[in-house]
Amino acid sequence: MTDKGTSDTGANSMWGGRFAAGPDAIMEAINASIGFDQRLAAQDIRGSRAHAAMLAVTGIISDTDAQAIGEGLLTVLSEIEGGAFKFRTDLEDIHMNVEARLKEIIGEPAGRLHTARSRNDQVALDFRLWVRDQTDAVIAGLDLLIRAFLAQAEKGADWVMPGFTHLQTAQPVTWGHHMMAYVEMLGRDMGRFQDARIRMNESPLGAAALAGTSFPIDREMTAQELGFDRPMANSLDAVADRDFALEFLSAASICAMHLSRFAEELVIWSSAQFRFARLSDRFSTGSSIMPQKRNPDAAELLRAKLGRILGATVALFTIMKGLPLTYSKDMQEDKEQVFDAADNLILSLAAMEGMVRDLTANVPVLEAAAASGFSTATDLADWLVRELGLPFRDAHHVTGTLVAMAEKKGVDLPELTLAEMQSVHPGIRDDVFAVLGVHNSVRSRQSYGGTAPDQVRSQIARWKEKLA
Ligand code: ARG
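This one's a predicted model, so the numbers in the text were calculated from it and none came from an experiment.

Engineer: Which residues make up the overall build of the protein chain, and what are the values?
Structural biologist: Each helix and strand counted, the protein chain has 19 helices and 6 strands in total. Compactness check: the protein chain gives a C-alpha radius of gyration of 31 Å against a globular reference of 23 Å for 468 residues, more than 25% above the reference. Structurally, the protein chain occupies a C-alpha span of about 105 × 50 × 40 Å along its principal axes. Within the protein chain, residue pairs in contact and separated by at least 24 positions form 73% of the contacts whose partners lie at least 6 positions apart. One finds the centroid of the 47 positive side-chain charges in the protein chain at a distance of 3 Å from the centroid of its 62 negative side-chain charges.

Engineer: Hey, could you go over helix α4 (residues 63-81) for me, with residue numbers and the actual values?
Structural biologist: Taking 1.5 Å per residue, 19 residues should reach 27 Å; α4 reaches 27 Å between its end C-alpha atoms and fits that length. Asp65, Ala66, Ile69, Gly70, Gly72, Leu73, Val76, Leu77, Glu79 and Ile80 are the residues of α4 that are buried. In this structure, the buried residues of α4 make contact with α3 (41-57) and α5 (94-106). Positive backbone phi, approximately 85°, marks Gly83, located one or two places after α4.

Engineer: So what's going on with the packing of helix α6 (residues 119-155) against helix α10 (residues 243-269)? Residues and values would help.
Structural biologist: Interaxial distance between α6 and α10 falls to 10 Å at its minimum, and their mutual angle equals 25°. Classified by the angle between their axes, α6 and α10 sit roughly parallel to one another. Between α6 and α10 lies a crossing of left-handed hand. Contacts between α6 and α10 involve Ala124, Phe127, Arg128, Val131, Gln134, Thr135, Val138, Leu142, Leu145 and Phe149 from the former and Phe244, Ala245, Phe248, Cys255, Leu259 and Phe262 from the latter. Broken down by class, the residue content of the contact of α6 with α10 amounts to 13 nonpolar, 2 polar and 1 charged.

Engineer: Tell me about the pairing of strand β2 (residues 168-174), and name the residues and values.
Structural biologist: Note: strand β1 (residues 160-165) against β2, 6 bridges, orientation antiparallel. Considered in β2, the bridge of Phe164 is made with Thr169. Hairpin connection from β1 to β2: 2 residues lie between these consecutive antiparallel strands, with His166 at a positive phi of about 55°.

Engineer: Lay out helix α13 (residues 363-371) with the relevant residues and their values.
Structural biologist: Of all the positions in α13, only Val365, Leu366, Ala369 and Ala370 are classed as buried. The buried side chains of α13 occupy one side of the element, clustering within an arc of 135° when seen end-on. Along α13, exposed side chains directed more than 90 degrees from the buried face belong to Pro364 and Ala368. Buried residues along α13 sit against β1, β2, α7 (175-200), β6 (360-361) and α18 (438-444). Just downstream of α13, Gly373 is the residue with a positive phi angle, here 75°.

Engineer: Could you give an account of the packing of aromatic side chains, naming the residues involved and the relevant values?
Structural biologist: Overall, the coordinates contain 15 aromatic pairs when judged by the stated rule. Arranged with centres 5.0 Å apart and planes meeting at 75°, the rings of Phe274 and Phe276 form a pair that is edge-to-face. Residue classification places Phe274 among the partly exposed positions, given a relative accessible area of 24%. Note on Phe276: relative accessible area 4%, which makes it buried. The rings of Phe149, Trp159, Phe164, Trp175, Tyr182, Phe262, Trp269, Phe274 and Phe276 are connected pair by pair, giving a single aromatic cluster. When the ring centre of Phe19 is taken as reference, the NZ or CZ atom of Arg18 above it lies at 6.0 Å. Here the basic side chain of Lys335 rests over the ring of Phe127, its NZ or CZ set 5.7 Å away from the ring centre.

What counts and how
Residues numbered from 1 in each chain as written. Predicted model: local features only at pLDDT ≥ 70, side-chain atom pairs only at ≥ 80, totals over all residues. Heavy atoms only, no water. Helix = DSSP H or I, 4+ residues; strand = E, 2+ residues; numbered from the N terminus. Rg over C-alpha atoms; globule rule 2.2 N^0.38 Å. Contact = heavy atoms within 4.5 Å. Lys, Arg positive; Asp, Glu negative; His and termini not counted. Charge placed at Lys NZ, Arg CZ, Asp CG, Glu CD. Expected span 1.5 Å × (residues − 1). Buried < 20%, exposed > 50% of the residue type's maximum accessible area, 1.4 Å probe, protein only. Axes fitted to C-alpha atoms, helices over the stretch in contact; angles between N-to-C directions. Parallel < 35°, antiparallel > 145°, perpendicular 65-115°, else oblique. Left-handed = near helix turned anticlockwise from the far one by under 90°. Nonpolar A, V, L, I, M, F, W, Y, C, P; charged D, E, K, R; others polar. Pairing = 2+ DSSP bridges. Arc of directions from axis to C-beta. Phe/Tyr/Trp six-rings, centres within 6.5 Å; stacked < 30°, edge-to-face > 60°. Lys NZ or Arg CZ within 6 Å of the ring centre and 35° of its normal.

Shown next as structure tokens:
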């Protein structure tokens with residue numbers, strides 16, 4: 001059995017010294033993480049190389065051994081990347097798989113790599129490096145998606161569409177304004193990931209099992225080599241902490257929630273009943289039975305992705321809840337959740353970017369919809385306040401009466417005659433009709449953050465500068 005990394009008794013060669021027998025097959029199946037943590041291979045090898053180099057600089061191991069370890073690890077990495085590496089379940093996880101293979105390649109010096117280190121700080125390091133890489137990928141994906149929304153906003157800064165509350169027509173808004181609402185949301189998402197990255201960027205390496213080590217290690221050196229701002233200040237916290245993963249998942253959940261909201265709007269907008277916008281062929285699918293169909297599958301999937309991302313978030317919180325310090329094997333359950341959430345968020349950002357880039361607005365339909373449903377009733381009420389000095393509550397009542405009149409006649413507000421309007425309030429003049437048009441309506445909403453095209457353009461300019 002020695003060829004499988006086990007001793008003569010069948011016990012694990014990495015930790016089997018005090019064991020008389022190897023594990024039950026079921027024990028091996030539940031205990032092993034190699035099926036999924038092989039995704040940490042590059043991070044594991046990067047961390048080990050930094051550790052070995054530091055062990056040599058501090059005189060804990062010889063330069064010759066460190067050299068052999070460093071080169072051997074690169075060989076292991078190339079075997080893994082080339083697909084030649086045989087991952088072994090009996091070696092539990094990525095850390096022991098890499099070390100065992102290193103031993104096969106370089107022999108005795110491999111055994112010195114684990115000096116002043118434990119799998120506890122090793123896995124904390126590997127996972128943190130992985131989450132940091134994904135955080136950078138998410139930030140890059142958000143940047144591209146924000147740019148896609150900005151391009152839409154620029155194109156349609158003065159296209160009018162209905163703004164909704166309760167999914168009922170409320171007031172006309174501009175297409176650009178609607179797109180810029182998502183730029184704001186995604187901008188906050190980006191801020192959350194950037195902020196989380198700052199906190200996660202401390203190195204747990206050197207905490208060893210939990211208490212630190214008696215060897216004269218240099219934690220600043222490994223932290224710097226691995227791109228961290230500093231070593232974590234408490235060894236117990238360093239091995240027990242998974243905040244970085246929880247923050248990543250929390251930010252991912254909020255972001256996926258934003259994506260699901262726009263996804264839902266795309267589903268509604270692209271329906272035959274709304275026809276507000278058209279998704280490109282690249283992001284639609286057909287039906288195998290109904291030839292006329294163009295289904296918004298990508299949007300529907302994006303609407304759903306929060307389900308699993310939030311699920312992962314809840315799972316990891318639940319795994320971590322109540323765990324006594326420091327490491328417990330429960331924490332091995334952290335990885336699959338984060339892997340799945342990160343994969344799906346990054347894919348979602350790319351899919352949404354493609355959909356937004358390709359999206360074509362149906363401008364005439366948007367404008368007609370904006371003008372229907374008495375959407376400029378508030379403009380009329382505001383005119384009564386501004387021009388006739390009515391208190392807003394009275395203006396609201398007069399307008400309500402006019403809306404009821406129009407509804408009864410089966411027309412929209414601008415189609416009422418002046419005489420009809422004057423029958424409700426004699427002071428109304430014919431310049432009121434100017435404010436009932438949807439373009440005048442949106443143009444008038446010049447308050448900071450309002451829907452007026454000028455406001456939208458200045459927000460676009462601010463964002464472009466911010467991203468540049
Ligand atoms: N595979 C383990 C994990 O993912 C690595 C750490 C093991 N540490 C230990 N003390 N058994 O958490």
